[in-house]
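Structure assessment
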Amino acid sequence: MMLDWWHIPLIPLLFWLLMMRWPSVSNWIWLAPLPGLFLLWYGPANIELPMLWPGAALGIDSPVNHYFLILSIVLWSIASLFASVTQRNDVHRLRFWSFWLWSMTGNLLLVIALDPASFYVGFTLMSLAAYGLVAHQPGSLPRQAGRLYLQLAVLGEMLIYAGLILRVHETGGLLSFSDWQQPIGWLTAICLLTGFGLKAGFWPLHLWLPLAHPVAPAAASAVLSGAMLKAGILGIWQFIPADTPTTVALGPVVFFIGLFGAFYAVVAGLLQQQAKTVLAFSSVSQMGYLLMIIAMFWMTGDATSSLIILLAMYGLHHAVAKAALFMGAGLASSRRLSLWHWGLMTLPALALAGLPLTTGASVKYLFKDAVSDSMFALSLPLLSIGSMATALLLIRTLLLMKQSQQNISKKAGAPEAVALSSWLVLSLAPIVIPLMVDEFLLQLTQTLQLQALTGLLWPIILAIVISAVASKLSLKTSFKAKLFAGRWLSLRLRYFLIHFPVPQWVIRLKLDGWRHVERTINKFSSVGTLPITIGLTFLMMLSWTMLF
Amino acid sequence: MNAALVSMVVPFFAAMLVLMWRPQQQSWLVIVASIVSLLAAMMALLSVIDSGPQSLNLGGWESPLAIRFQLMPVNALLIVTTAVIHLIVVCFAASSHHCQSIKQAFWPLALLLHGSLVALWLSMDLFNWYVTLELLGLAAVSLVTLAGHKALRAALDYLLLSLFASLTYLLGVVMLYGQYGTLDIALLATLTEADRVTQTALLLISAGLMLKAALWPLHLWLPAAHSSAPTPVSALLSALVVKAPLFILWLLWSRVAPSELAVPMGFWLALLGGGALMIGGWSACRTPHLKTLVAYSTVAQLGYGLLALGLLLHWQLNDLQAALWLFVVAHALAKTSMFLAAGEIQASTGKKRLNSLRGMTLTMPVALFAFAVAGGSLIGLPPSGGFIAKWLLIQPMLIEPAHWPWALLVIIATLLSAAYVFRVVSQGFRQSSVSATATEHGKSAQWLALLPAILVWLMALFSEPLLQLMDVFSA
Amino acid sequence: MMTDIQTILPVAIVLSSLIPGLLIFSLKESQHRLRITLNLAGVFSKLLLVGWMLHGVSQGQQFSFNITFLPGADLILQGDALSLQFVALSSVLWLATTIYAIGYLEGSAFRSRFFGYFSLCVSATVGLALAGNLVTFLVFYELLTLATFPLVVHRGTDAAIRAGKVYLAYTVSGGVLVLMGVALLHALAGTPDFIPGGYLSPLVDQHQAGLTLAFVLMVLGLGVKAALLPVHGWLPQAMVAPAPVSALLHAVAVVKAGAFGIIRLVYDVYGIETLSLLQLTEGLMILAAATIIYGSIRALQQTEIKKRLAYSTVSQVSYITLGVAMLGPIAAIGALVHLVHQGLMKITLFFCAGNFAETLNIHHIREMNGLGQRMPLTMAAFTIGALGMIGVPPIAGFISKWYLGLGALETGQSWILWVFVCSGLLNAAYFLPLLYRGWFAKPAVEWAAHPQAKRPASVWNETHWMLLWPTLFTALLAIVTGILAGSDFSPLAWAQLIVAREFAP
């Protein structure tokens, strides 16, 4: 056996070492995640690694991590290609690629982890290394965004640590996801949900997301949004068992959090002025949908449920589409784009809104199916409105991207071939994937009926109409960055920690006042040695005679 | 027994020889005499180990008339200690560059001191002790005066107080003789009763002895005398001379005094010991002069002896004898080392103050090391002789919750001693502004100063035979 | 033949550093070649002997040497699994620190004195680890105090002397308390050898007050070295010492001696049963938890690199105490493994701080800006150490936190888990800004003006190789012990072996 699961996280590290020696290796980093695809095709058995931390096991055991591995590999590979062009002239490119590769290692490791410790190892590595991507660019905005990102990431890490330990204890020391079916405690569930939620970025744990995405390089935003947010979702999926008293009780709450977040983020996003910020809010919104899927699964816990495949598909769908948009936004803000570029740009945007014949249609259809089967069937109409809202948000993004074209210099040329082609692959993915993956195709064929088609199309058409009207009326939004309470909080936290009042115990002996007393005694006793001693002798004799 | 007598007589004889013959190289003669005395002392110790306590009536008369010498494990050990320290000190005096100016009178006086000490250890009756104490005191005072006019005042105080102490001692002895008609310890032990006269006599004797031993609070003369004396003399005085009255005090109260008197007296002695530990330690921590610090340390350390003696009497616990005498031996060795090192340092810098020690780890590493190692034993750091003694002392304190307050006293005393020892040592680590270089000459004196410090740490390794020796005795 | 070796080996391990140390004292300042040879000979012979013993102990052999000392308390040196954990750590880190110190002190004065005491210090540490009963432990515990004092005051400046005095005031007082505790236990029960499960259980009914007092005395005394809360004050002060000394004090010798003493006291003297009867560990647990939080918060407020690291030590060493106080097997694994892990990580951090100070004269956190460009390797090692301290997997610190956290739940003390969470957050709060400065901030003006600020031709020359390699070595160990925690040769595996023997029914 030449290639095995444990090689997957090692290969990026190998690339890193090579790059430290020969910096030009950075042009070939896109190759680093690809061996994983070979493994998926080849399908070796899952492995246990007793040499490593407790319980270490790697492999693939469900459609969810299968799909998530695909999406991670595809995203990291294409984004690497994209970044190899955009970061070519970066002063700190070695630093960028180092964090990039570390992040990639973590992400790939966590996806193929079959045990909580390995997952946590990968998750932490990814999370912390991504700080280097967020705060990569110089200036105060990236620094602030990075600080908030890191604060929340560390908070998340610690909550996951607590949840992880609590969970291992609850399961009696079992260290494999497949054995984790025991009921979960409330505290454990909330720790894990919050910990991973801080990464997944659904409302209300999205604080860092709208700050971090705009300041990160485009390729980094693409993997952040496409792959790393999914890692948070995957964490919730793997760590929290379905169909236990706690999760059944939590299900509705979480479902409505997701639903509310999906709409809230659209409203918040529409008020933004920057394409990448809007895209970030769109991610927040989409994470709401993924959360809803998980919540529904918690209520049933059916291992054969279509929800499992839905989660996998939704993840893949959102990852490629959103990554394409982020990379597109990056191109739009630095290169002159022609009409066919814009045409291609709308494809992933509308796919997210559920355009027929795209992955969006497949997942929306399946999603509606699932909701109507569940106890939340009443919220079905809201989903159509949700699609409309998504479409509205993405149209707004496209308009903002178009606007940003005015700001770039006249000299900027068309995008480079490599960057363009990598973006092209992702942009076309929403229609290519259904042709390649049976599950998508299956759903897509179901949507090819009039009723389904209209159900998918009317929200998009309505959104286009509304946008057109709005731009005619030139509705100006004047809400500024007030929404970013996170930045303020993170500064306050820093201040608070530095000035935290701690008692200090310092004992100072103040002997100076006694100095002259001491001197007097010394002088007295040295001058009067004889009389004092003789006197004392008599005194002692006397007192002893009395005492006895 | 004969070996012990040899150990006693040789110094006297050598002293006479030095006085009469006045050879050019007096030091060699003295050193040879000390070696002979040491060898004899060791043989005496071996014979005690082999065949137990022995006694000898001088002139063949039976008690109570005779002058009786007795050799027991404790005084055999003390004789050996005396001889060892004396040998080291005279070697130091001969080799130290800074002791060349010492007057020729040092040699016979030191021998006289040695001889009378051995005689005192061997004696077992109150009058003999009086005589030897007088001899010892005179020799000591004369030795102090060798330092010249600056020591005269201290020497005079010492002399007068010593005479006063002798008077009270003699008064007490007379009262006892009047009451019981004998001065032999063994005989008195069988006769004494707890009446008023005996009590007064014992108190008088004790007061005199305490004055001579500089036991707190009658210690005022000691720091001045010991710190102003020439270095080898300071070592002899602090290490040996002050221990002699303690020996008598111990025999007096544990043998002669009836337990009705000894038990309450023990309590007071222990309290005084505690006072010595506190006040002596505190003064040592505060004094700005190096040799005065060492002298105050003697005051404090004698407190341990007094504490051990007091508790021994108070609790009627013979186990504490081992603690008491190990304290004495450990302190004697450590203090010798400390005084020699301090004297050597002070002589080479020419300054008395503590802050003249800057940079000593470079210029006089061995002397400072000797000081530190000896200090370790005074603090009671394991594995040193001081530690063993302290260990034996605190065992009975700890076993009964009611005795725990005494242990607190020991804790504070230990901390104080650590404070004054490290006060000196840390000065030595201070960088000196003058770029000092190690001086080659005077190395042998420094090593001689280190020798007793090493011996006191080696005591810990031989603690088992030492303790067996003590057990033999108390059994 | 075999029995001879089993007797001699423990002494040989102690002597392998003691003899070179004593010889070094006698060397002249200029004989540096001979001095280095002696040092390295000591280091490698010790490693060899320890390796031999490790093998023997894992095979179940007994190593014991004794000579008579006090009545009823011999001086015993013996090698059991627990002592070997500490001995192995000391020997390995001694290797790193010796090389580092040779590089660090190159050309400075007093080297014979320094290396002499340095070797004595390691001998005392190893002796303390191998001690077979309380009295032997006490002997080496006090010797350690004496041997480290000259190292702390090595520079001889006023600040160093002041720090040395503070150090002594604390450690000697602590030593006296330990002495009293040991003597008290000796008075009550004599001094038998350490045995798993302790030897005091027959006395619980009769001498409750005595046992309680002895425990309090000894924990307070050992707590001085282990930097437990009310008596931790010496540690930040002792930072004036040269970097290798700080590294040694913090990672191996002094603080670990205290922590190791507490481990011995809890497992092999009192025993878990006795302690739970006496209900003494509650207080210890609360004290350790408070120390963890307090140390972290104080670390946040420091502006000097070494001071911050010092308070971090205060916090991290109490993990060990806390783990021990929980009295559960899993927590014990966590505590024992943290003994090693904290050592590896903290020594790396101190080496790095020393490298910064030596190469670019950087002492303050604000001067660290942009260091990653000038000294990428040292900064990388620093990053590893810092992240490990936070508990980031797969660095060693995570393994400790994993077992400590599980141990807390297993013993029903779930609040301790939140102490770890809090501490992790605080650790991140005081370490991550340093990493930010190093990797992301613009180079500071202060050191950019330094003559050595220019980047050397090769990364490997960023500082003296004798400073760089030990740093990288320990950083690598910190990662490897974390990643390969499950292998048979990891500290974790050894900790599990110890616990299996200690907690055997």
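The rules we used
Residues numbered from 1 in each chain as written. Chains lettered and ligands numbered in written order. Predicted model: local features only at pLDDT ≥ 70, side-chain atom pairs only at ≥ 80, totals over all residues. Heavy atoms only, no water. Helix = DSSP H or I, 4+ residues; strand = E, 2+ residues; numbered from the N terminus. Rg over C-alpha atoms; globule rule 2.2 N^0.38 Å. Buried < 20%, exposed > 50% of the residue type's maximum accessible area, 1.4 Å probe, protein only. Contact = heavy atoms within 4.5 Å. Areas by Shrake-Rupley, 256 points an atom, 1.4 Å probe, with all protein chains shown as cover. Lys, Arg positive; Asp, Glu negative; His and termini not counted. Charge placed at Lys NZ, Arg CZ, Asp CG, Glu CD. Domains from an automatic or database assignment. Axes fitted to C-alpha atoms, helices over the stretch in contact; angles between N-to-C directions. Parallel < 35°, antiparallel > 145°, perpendicular 65-115°, else oblique. Left-handed = near helix turned anticlockwise from the far one by under 90°. Nonpolar A, V, L, I, M, F, W, Y, C, P; charged D, E, K, R; others polar. Salt bridge = Lys/Arg side-chain N within 4 Å of Asp/Glu carboxyl O. 1 Å grid on protein atoms, 1.4 Å probe; cavity = no way out; pocket = protein on both sides within 12 Å on 5 of 7 lines; lining within 4 Å. Points joined across faces, edges and corners; volume = space filled by probe spheres on them. Buried area = accessible area lost by both parts, 1.4 Å probe. Polar contact = N/O pair within 3.5 Å; in protein donor to acceptor, adjacent residues only side chain to side chain. Patch = residues over 30% accessible without salt bridge, like charges linked within 9 Å, V, L, I, M, F, W, Y side chains within 5 Å. Core = buried A, V, L, I, M, F, W, Y, C linked by side-chain atoms within 4.5 Å. Phe/Tyr/Trp six-rings, centres within 6.5 Å; stacked < 30°, edge-to-face > 60°.

Points about the overall build of chain A
If you tally the helices and strands in chain A, you get 21 helices and two strands. At 31 Å, chain A has a C-alpha radius of gyration far larger than the 24 Å of a compact globule built from 548 residues. Taking all 548 residues of chain A together, the buried fraction comes to 59%. Counting only contacts in chain A whose residues sit at least 6 apart along the sequence, the fraction spanning at least 24 positions is 80%. Carbon and sulfur atoms provide 69% of the accessible area of chain A, an area that totals close to 22,600 Å². If you average the places of the 31 positive and of the 17 negative side-chain charges in chain A, the two averages end up 26 Å apart.

Considerations on the domain arrangement of chain A
Per the domain assignment, the segments of chain A are domain 1 (7-496) and domain 2 (512-547). Taking only C-alpha atoms into account, the centre of domain 1 of chain A sits 87 Å from that of domain 2 of chain A.

Side note on the packing of helix α12 (residues 259-286) of chain B against helix α13 (residues 290-315) of chain B
All names here are of chain B. Between α12 and α13, whose axes approach to 7 Å, the crossing angle comes to 160 degrees. By the angle between their axes, α12 is roughly antiparallel relative to α13. Relative to α13, α12 is oriented so that their crossing is left-handed. Considered class by class, the residues forming the contact of α12 with α13 number 19 nonpolar, ten polar and no charged.

Focus on the pattern of salt bridges
Where side chains of opposite charge bring their charged atoms close, a pairing between them can arise. Scanning all chains against the criterion turns up five salt bridges over all chains. With its nearest N and O atoms 2.8 Å apart, the salt bridge here joins A:R167 to A:E170. Taken as a pair, A:R167 and A:E170 lie in helix α6 (residues 140-170) at a separation of three residues, close to a single helical turn. Given the relative accessible area of 29%, A:E170 is considered partly exposed. Between C:R264 and C:D268 there is a salt bridge; the shortest N-O distance is 2.6 Å. Placement of the pair is C:R264 and C:D268 together in helix α10 (residues 254-278), with a separation of four residues, close to one helical turn. Residue class for C:D268 comes out buried when judged on its relative accessible area of 1%. In the salt-bridge network here, residues are joined through shared partners; they are C:D80, C:R264 and C:D268.

Let's talk about the packing of helix α9 (residues 243-251) of chain C against α10(C)
Residue and element names in this part refer to chain C. Remark: α9 packs on α10, axes separated minimally by 4 Å, with the N-to-C direction vectors making an angle of 10 degrees. Put simply, α9 runs roughly parallel to α10. Side by side, α9 and α10 meet where L248, L249, H250 and A251 of the first sit next to V254, V255 and K256 of the second. Looking at the contact of α9 with α10 residue by residue, the class counts come to five nonpolar, one polar and one charged.

With respect to empty space enclosed by the protein
All names here are of chain B. Under the defined criterion, the tally for this structure stands at ten cavities of 30 Å³ or more. There is about 80 Å³ of room inside the largest cavity. L133, L136, G137, Y158, S162, K212, V241, A244 and P245 are the residues that line the largest cavity. Elements that contribute at least two residues to the lining of the largest cavity include exactly α5 (126-145), α6 (152-180) and α11 (243-256). If one sorts the elements of the lining of the largest cavity by residue count, α5 sits on top with three residues.

Observations regarding the interface of chain A and chain C
With 39 residues of chain A at the contact, the number on the chain C side is 40 residues. Between chain A and chain C the total buried area reaches about 3,400 Å² when both faces are included, carbon and sulfur atoms providing 81% of it. Three residues, A:M158, A:Y161 and A:I165, lead the burial of chain A against chain C; their summed loss comes to 17% of the area buried on that side. Our enumeration of links across chain A and chain C arrives at zero salt bridges. On the surface where chain A and chain C come into contact, there are five residue pairs in polar contact (both at pLDDT 80 or more). Looking at the side of chain A that touches chain C, the elements that each hand over two or more residues are α4 (93-112), α5 (116-134), α6, α7 (186-200) and α19 (485-498) of chain A. Among the elements that make up the side of chain A that touches chain C, the one with the highest residue count is α6(A) (twelve residues).

Structural notes on the interface of chain B and chain A
At the interface, 23 residues of chain B touch 20 residues of chain A. Between chain B and chain A, a total of about 2,200 Å² is buried, with carbon and sulfur atoms accounting for 75% of that surface. Contact with chain A buries surface across chain B, with B:F164, B:L220 and B:R286 losing the most and accounting together for 26% of the total. The tally of links from chain B across to chain A stands at zero salt bridges. Across the contact surface, chain B and chain A share zero residue pairs in polar contact (both at pLDDT 80 or more). Every element with two or more residues in the side of chain B that touches chain A is listed here: α6, α8 (196-213) and α12 of chain B. Sorting elements by how many residues they give to the side of chain B that touches chain A places α8(B) first, with eight residues. Looking at the side of chain B that touches chain A residue by residue, the classes come out as 17 nonpolar, two polar and four charged.

Concerning a nonpolar patch on the surface
Residues and elements named next belong to chain A. A cluster of nonpolar side chains, namely L357, I431, V432, L435, M436, L441 and L448, defines an oily patch on the protein surface of about 670 Å² accessible area. The element that contributes the greatest number of residues to the nonpolar patch is helix α16 (residues 417-436), accounting for four residues. Relative to the helices and strands, L441 resides in helix α17 (residues 438-447).

Looking at the nonpolar core
In summary, soluble globular proteins display a tendency toward joint burial of nonpolar side chains. In this structure, A:W100, B:W253, B:L393 and C:Y270 are the most contacted members of the largest nonpolar core, which totals 596 residues. When residues of this core are assigned to their parent elements, the largest contribution, 20 residues, is made by helix α12 (residues 306-332) of chain A. When residues of this core are assigned to domains, at least three fall in each of domain 1 (7-496) and domain 2 (512-547) of chain A. Not counting residues within four places of it along the chain, the set of residues in contact with B:L393 comprises B:Y304, B:L307, B:A308, B:L311, B:L320, B:A323, B:F327 and B:V410.

What to know about the environment of A:A57
Residues and elements named next belong to chain A. Locating A57 in the fold gives a position in strand β2 (residues 57-58). With 56 residues separating them along the chain, A57 and A113 place their C-alpha atoms 6.3 Å apart. If we skip the residues at most four places from it in the chain, A57 touches I47, E48, I112, A113, L114, D115 and S118.

Remarks on the packing of aromatic side chains
Two measures describe an aromatic ring pair: the distance that separates the ring centres and the angle between the ring planes. Per the counting criterion, the structure on display carries 60 aromatic pairs over all chains. Taking 5.5 Å as the distance between ring centres and 20 degrees as the angle between the ring planes, the aromatic pair formed by A:F99 and C:F440 counts as stacked. Of this pair, A:F99 sits in helix α4 while C:F440 sits in the loop between α17 (415-439) and α18 (445-448), which puts the two residues in different chains. For A:F99, a relative accessible area of 17% puts it in the buried group. Residue classification places C:F440 among the buried positions, given a relative accessible area of 13%.

A closer look at the side chain of C:N427
Residues and elements named next belong to chain C. Inspection of the secondary structure assignment puts N427 in helix α17. For N427, the side chain forms a polar contact with the main-chain oxygen of M389, separated by 3.1 Å. At 2.6 Å, the side chain of N427 and the side chain of Y430 are in polar contact. When sequence neighbours within four positions are dropped, the list of residues in contact with N427 reads S296, S315, Q316, Y319, M389, I390 and L432.

Points about unusual backbone geometry
Backbone torsion omega between B:W216 and B:P217 reads 5 degrees, so that peptide bond is classified as cis. In this structure, B:P217 sits in the loop between α8 and α9 (221-228). Even without being a glycine, B:Q316 presents a positive backbone phi close to 50 degrees. Secondary-structure assignment places B:Q316 in the loop between α13 and α14 (320-349). The residue C:A227 is not glycine, and still its phi comes out positive at about 60 degrees. Within the fold, C:A227 resides in the loop between α7 (208-225) and α8 (234-237).

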